[in-house]
Amino acid sequence: MNDSLDALEGEILDRIQQSNSETEIEELRVETLGRKGRLTLLLRALKDLPSEERPRAGERLNQLRRALEARLDERLSAVKAQSRERALKEEQVDITLPGSRWERGGTHPLTLVIDEIIDVFWGMGFEIARGPDIEDDYHNFEALNIPKDHPARDMQDTFFVSDGRLLRTHTSPVQIRTMESRQPPLQIIVPGAVYRHDDDATHSPMFHQVEGFMVDNHIAFSDLKGVLTHFLRQVFSAETGVRFRPSFFPFTEPSAEIDIQCLICGGHGKAGEDQTCRVCKGTGWLEILGAGMIDPQVFRFVGYDPEKVSGFAFGMGVERIAMLKHGIDDIRLFYQNDVRFLRQFG
Ligand code: DAH
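The notes below deal with the structure included here. All values reported here derive from a predicted model rather than from experimental measurement.

1. With respect to the pattern of salt bridges
Next, step 1: A complete count under the given rule lists 24 salt bridges for this structure.
Next, step 2: The shortest N-O distance in the salt bridge between arginine 177 and glutamate 135 comes to 2.7 Å. Of this pair, arginine 177 sits in helix H7 (residues 173-181) while glutamate 135 sits in strand S2 (residues 134-136), and the two are 42 residues apart along the sequence.
Next, step 3: Arginine 177 sits in the partly exposed class, given a relative accessible area of 27%.
Next, step 4: Note on glutamate 135: relative accessible area 0%, which makes it buried.

Okay, here's the thing in structure tokens:
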């Protein structure tokens, strides 16, 4: 019995010494001192020994139990200390490192200009409408009084997609879609992307327009003049000269193009002593808007009676306005998303 106890003691002490985790130690404790542990079973078997051997054997077993308990506790605190130390080393934080910062984003300059335009019209009671970027020929051309062979189609290099559909070349189709589904009075603006086969420093295959129109019983050209003059003086400056020039659009009659005095040369057409202004090319004026009284033919397409209603419409290019406002000479800067450019508008 003593020999085998010595062997057991040696084996368990060895294994305690080699154990490296709290679970390992806990398993050893259960294996030796648990309810069915090896030492526990021996202690329980004491009663079967002859009575003269019992005291000595009992003493030896109890001494062994205490010794093992002590070694297990010792090893457990050693292992705990080790793992705490390891954690401290591995999870070290360098508090002198600079913190990781969130870069602050900003609104895109084109969105800022669109929002500004919307704000001015919102103040005059206009509401916002939108339409699909992928249009059909009817809404983009036909119902705007631009028939199949009309030369006006040449002005708009169209991107066609499948099934006779196309990328809208202007926001004007939303006039048609809105009037098809609603009745006057209407006071609407339509911001959105438009697409044309065009690509250079001042033209992009995708750009933005804001369309607007107003339809009611007695809308006159003077309303158009008042609304647009107010708009231009809000977006540019209160002193900006505004000029209405006769023009032509198939969906308005009469039609006008609206200019503002050149923002760069102040309307003189000159840059310095004897150089012509590069931006207005010496004319002193900048073309900003197309507009006019909605053509009776357009009203007929949407089922309105042109004898009963009248209205005006207008359209403008957002990029052009943003370029003039900020003195930007290349439209492509808006789409390259170079933060050095974008940051200047935050
Ligand atoms: N749709 C025209 C274009 O893209 C702009 C325009 C001109 C819109 C006159 C209008 C308008 O509503 O009345 O060039």
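2. A short note on a negative patch on the surface
Next, step 1: Taken together, the side chains of Asp154, Asp157, Asp198, Asp199 and Asp200 define an acidic patch exposed on the protein surface.
Next, step 2: For aspartate 198, the location among the structural elements is in the loop between strand S4 (186-195) and strand S5 (206-216).
Next, step 3: Given the relative accessible area of 31%, aspartate 198 is considered partly exposed.

3. What about the site of the ligand?
Next, step 1: Around the ligand, the surrounding shell holds 16 residues, and the nearest of these are His170, Ser172, Arg196, Gln209 and Glu211.
Next, step 2: The separation between an oxygen atom of the ligand and a polar side-chain atom of arginine 196 is 2.7 Å.
Next, step 3: Phenylalanine 314 is positioned with one of its backbone polar atoms (N or O) 3.3 Å from an oxygen atom of the ligand.
Next, step 4: When the free accessible area of the ligand is taken as 350 Å², the share hidden by the protein chains comes to 91%.
Next, step 5: Listing elements by their share of the shell around the ligand, those giving two or more residues are S5, strand S10 (285-294) and strand S11 (310-317).

4. Here's the deal with the pairing of strand S7 (residues 252-261)
Next, step 1: By the criterion of burial, S7 is predominantly enclosed, with seven of the ten residues buried.
Next, step 2: Joining the antiparallel neighbours strand S6 (residues 242-249) and S7 is a turn of two residues.
Next, step 3: Across eight bridges, the pairing between S7 and S10 is antiparallel. Across the sheet, aspartate 259 pairs through a bridge with glutamate 287, a residue of S10.

5. Re the sheet that holds S5
Backbone-to-backbone hydrogen bonds join strands into a sheet, with any given pair of strands oriented parallel or antiparallel.
Next, step 1: With mixed pairing, seven strands are arranged side by side in an open sheet as S1-S4-S5-S11-S10-S7-S6. In this open sheet, the two strands that pair with only one neighbour each are strand S1 (127-128) and S6.

6. Topic: the side chain of arginine 60
Next, step 1: Mapped onto the elements of the fold, arginine 60 is located in helix H4 (residues 54-90).
Next, step 2: Owing to a relative accessible area of 15%, arginine 60 belongs among the buried residues under this scheme.
Next, step 3: Engagement of the side chain of arginine 60 in a polar contact is seen with the side chain of glutamate 9, the distance being 3.2 Å.

7. So, helix H8 (residues 221-235)
Next, step 1: End to end, H8 covers 21 Å across 15 residues, agreeing with the expected 21 Å (1.5 Å per residue, within 8%).
Next, step 2: Inspection of H8 places Leu224, Val227, Leu228, Thr229, Phe231, Leu232 and Val235 among the buried residues, and these make up the whole buried set.
Next, step 3: In this fold, the buried residues of H8 make contact with helix H5 (109-123), S6, S7, S10, S11 and helix H10 (318-326).

8. Observations regarding the packing of H5 against H10
The geometry of a pair of packed helices is captured by two quantities: the angle between their axes and the separation between those axes.
Next, step 1: Contact pair H5 / H10: the axes reach a minimum separation of 10 Å and the direction vectors enclose 100°. Classified by the angle their axes make, H5 and H10 are roughly perpendicular. From H5, Leu110, Val113, Ile114, Glu116 and Ile117 reach across to H10, where they touch Val318, Glu319, Ile321, Ala322, Lys325 and His326.
Next, step 2: In the contact of H5 with H10, the residues fall into seven nonpolar, one polar and three charged.

Reading the values: the criteria
Residues numbered from 1 in each chain as written. Predicted model: local features only at pLDDT ≥ 70, side-chain atom pairs only at ≥ 80, totals over all residues. Heavy atoms only, no water. Salt bridge = Lys/Arg side-chain N within 4 Å of Asp/Glu carboxyl O. Helix = DSSP H or I, 4+ residues; strand = E, 2+ residues; numbered from the N terminus. Buried < 20%, exposed > 50% of the residue type's maximum accessible area, 1.4 Å probe, protein only. Patch = residues over 30% accessible without salt bridge, like charges linked within 9 Å, V, L, I, M, F, W, Y side chains within 5 Å. Areas by Shrake-Rupley, 256 points an atom, 1.4 Å probe, with all protein chains shown as cover. Lys, Arg positive; Asp, Glu negative; His and termini not counted. Charge placed at Lys NZ, Arg CZ, Asp CG, Glu CD. Near = heavy atom within 4 Å. Polar contact = N/O pair within 3.5 Å; in protein donor to acceptor, adjacent residues only side chain to side chain. Pairing = 2+ DSSP bridges. Expected span 1.5 Å × (residues − 1). Contact = heavy atoms within 4.5 Å. Axes fitted to C-alpha atoms, helices over the stretch in contact; angles between N-to-C directions. Parallel < 35°, antiparallel > 145°, perpendicular 65-115°, else oblique. Nonpolar A, V, L, I, M, F, W, Y, C, P; charged D, E, K, R; others polar.

By themselves, these are just geometric observations and shouldn't be taken as functional.
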